[in-house]
Amino acid sequence: LKQSIQSKDKIFSIISHDLRSPLGNIQNMLNLLVDKGEQFDEAKKGRILENLSEITKSTFYLLDNLLNWSRTQRGLINHEPQMFLAEPIVKEILALTKPLALRKKICVVSKINESDLAYGDINMVNTIFRNLIENAIKFSMEKGHIEINSNIQDEFIEFAVKDKGVGMSEEVMHQLMHTNEINATFGTNKEKGSGLGLLICKEFIKRNGGVFRIESKPNEGSTFYFTLKRFQI
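S.K.: Tell me about the packing of aromatic side chains, and please be specific about residues and values.
M.R.: Within the structure shown, the criterion is met by 5 aromatic pairs. On the numbers, 6.3 Å between centres and 15° between planes, the contact of Phe 212 with Phe 224 is stacked. Pair noted here: Phe 212 is in strand β6 (residues 212-217) and Phe 224 is in strand β7 (residues 221-230), with a separation of 12 residues, a long-range link. Residue classification places Phe 212 among the buried positions, given a relative accessible area of 10%. With relative accessibility at 2%, the residue Phe 224 sits in the buried group. A network of ring pairs unites the aromatic residues Phe 129, Phe 159 and Phe 226 as a single cluster.

This is the structure we're talking about:
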């Protein structure tokens, strides 16, 4: 009961602070364009619009995580598994997260086999990949390298998102794997995180019959692995 209350308090904190702050930034930028737009040249307007797009996108993802977490806690989320190709999903997410990677000059490479057929809930798998890739970008240093790959293991496909970032200690890994505490963290460029992403990944991987694991060393990077059922024709 105590843990449940703490989790709800944390979610209220995220709603009141982590959502309010970016929405305030969006409002301020829009006010600038509306009230003083004639004072900016096209290049300046372009930069403001680019920032608006990035803030709006990250705020949407935060809200999506909040809604997913709330629905999983209440048992309201639907699980609708089907056959799908994983490579197009990752390709789409890399396109969406490209501005985040470019800002830190990070090279993100997908080596997922184009013919890998998985079986699971596509929306959940999309959320898993998005959170893991964003997390890898967040904790990578400038000019870093991130690799996403897949490996057939009998009746399963194991996916991996590997970075060469700050890594983590055994204590932090144990906390991530064995508790449901919500801990906000900052990335290498002071990017703010709500701490919900990995919790949702664990929950969605479990719902799809997969296994989640982490390999990491401080200052050497981290690799996040998860499995999905393999669809065999």
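S.K.: Residue-level account of the packing of helix α4 (residues 122-138) against helix α6 (residues 197-207), with values.
M.R.: Where α4 meets α6, the closest approach of the two axes is 9 Å, and the angle between their N-to-C directions is 145°. The two elements α4 and α6 meet at a crossing, and its hand is left-handed. Judged by residue contacts, Met 124, Thr 127, Ile 128, Asn 131 and Leu 132 of α4 engage Gly 197, Leu 198, Ile 200, Cys 201, Phe 204, Ile 205 and Arg 207 from α6.

S.K.: Which residues make up a nonpolar patch on the surface, and what values go with them?
M.R.: Side chains of Met 83, Tyr 119 and Phe 231 sit close together on the surface and give an oily, nonpolar patch of about 250 Å² of accessible area. Here Tyr 119 lies in strand β3 (residues 117-120).

S.K.: How would you summarise the side chain of Asp 163 if you had to cite specific residues and measurements?
M.R.: Mapping Asp 163 onto the fold places it in strand β5 (residues 156-163). Although Asp 163 is buried, it forms no salt bridge, and the closest oppositely charged side chain is Lys 162 at an N-O distance of 9.4 Å. At a separation of 2.8 Å, a polar atom in the side chain of Asp 163 contacts the main-chain amide nitrogen of Gly 165. The contact partners of Asp 163, leaving out residues within four places of it in the chain, are Ala 136, Ser 140, His 145, Ile 146, Glu 220, Gly 221 and Ser 222.

S.K.: Can you tell me about the packing of helix α3 (residues 86-103) against α4, naming the residues and giving the values?
M.R.: The relative placement of two packed helices comes down to the angle between their axes together with the axis-to-axis distance. Look at α3 against α4: their axes get within 10 Å of each other, and the N-to-C directions meet at 30°. As α3 packs across α4, the resulting crossing turns out to be right-handed. Facing α3, whose interface residues are Ile 89, Val 90, Ile 93, Leu 94, Thr 97, Leu 100 and Ala 101, α4 presents Ile 122, Val 125, Asn 126, Phe 129, Arg 130, Ile 133, Glu 134 and Ile 137. Residue composition of the contact of α3 with α4, grouped by class: 11 nonpolar, 2 polar and 2 charged.

S.K.: Describe the pairing of strand β4 (residues 145-153), listing the residues and the values that go with them.
M.R.: Pairing of strand β2 (residues 107-111) with β4, which is carried by 5 bridges, proceeds in the parallel orientation. Within β4, the residue paired with Ser 110 across the bridge is Ile 148. Relative to β5, β4 is paired through 8 bridges, and the arrangement is antiparallel. Paired with Asn 151 across the two strands is Glu 158, which belongs to β5. What sits between the antiparallel neighbours β4 and β5 is a turn of 2 residues, in which Asp 154 has the positive phi angle 55°.

Rules used in this analysis
- Residues numbered from 1 in each chain as written.
- Predicted model: local features only at pLDDT ≥ 70, side-chain atom pairs only at ≥ 80, totals over all residues.
- Heavy atoms only, no water.
- Phe/Tyr/Trp six-rings, centres within 6.5 Å; stacked < 30°, edge-to-face > 60°.
- Helix = DSSP H or I, 4+ residues; strand = E, 2+ residues; numbered from the N terminus.
- Buried < 20%, exposed > 50% of the residue type's maximum accessible area, 1.4 Å probe, protein only.
- Axes fitted to C-alpha atoms, helices over the stretch in contact; angles between N-to-C directions.
- Left-handed = near helix turned anticlockwise from the far one by under 90°.
- Contact = heavy atoms within 4.5 Å.
- Patch = residues over 30% accessible without salt bridge, like charges linked within 9 Å, V, L, I, M, F, W, Y side chains within 5 Å.
- Areas by Shrake-Rupley, 256 points an atom, 1.4 Å probe, with all protein chains shown as cover.
- Salt bridge = Lys/Arg side-chain N within 4 Å of Asp/Glu carboxyl O.
- Lys, Arg positive; Asp, Glu negative; His and termini not counted.
- Polar contact = N/O pair within 3.5 Å; in protein donor to acceptor, adjacent residues only side chain to side chain.
- Nonpolar A, V, L, I, M, F, W, Y, C, P; charged D, E, K, R; others polar.
- Pairing = 2+ DSSP bridges.

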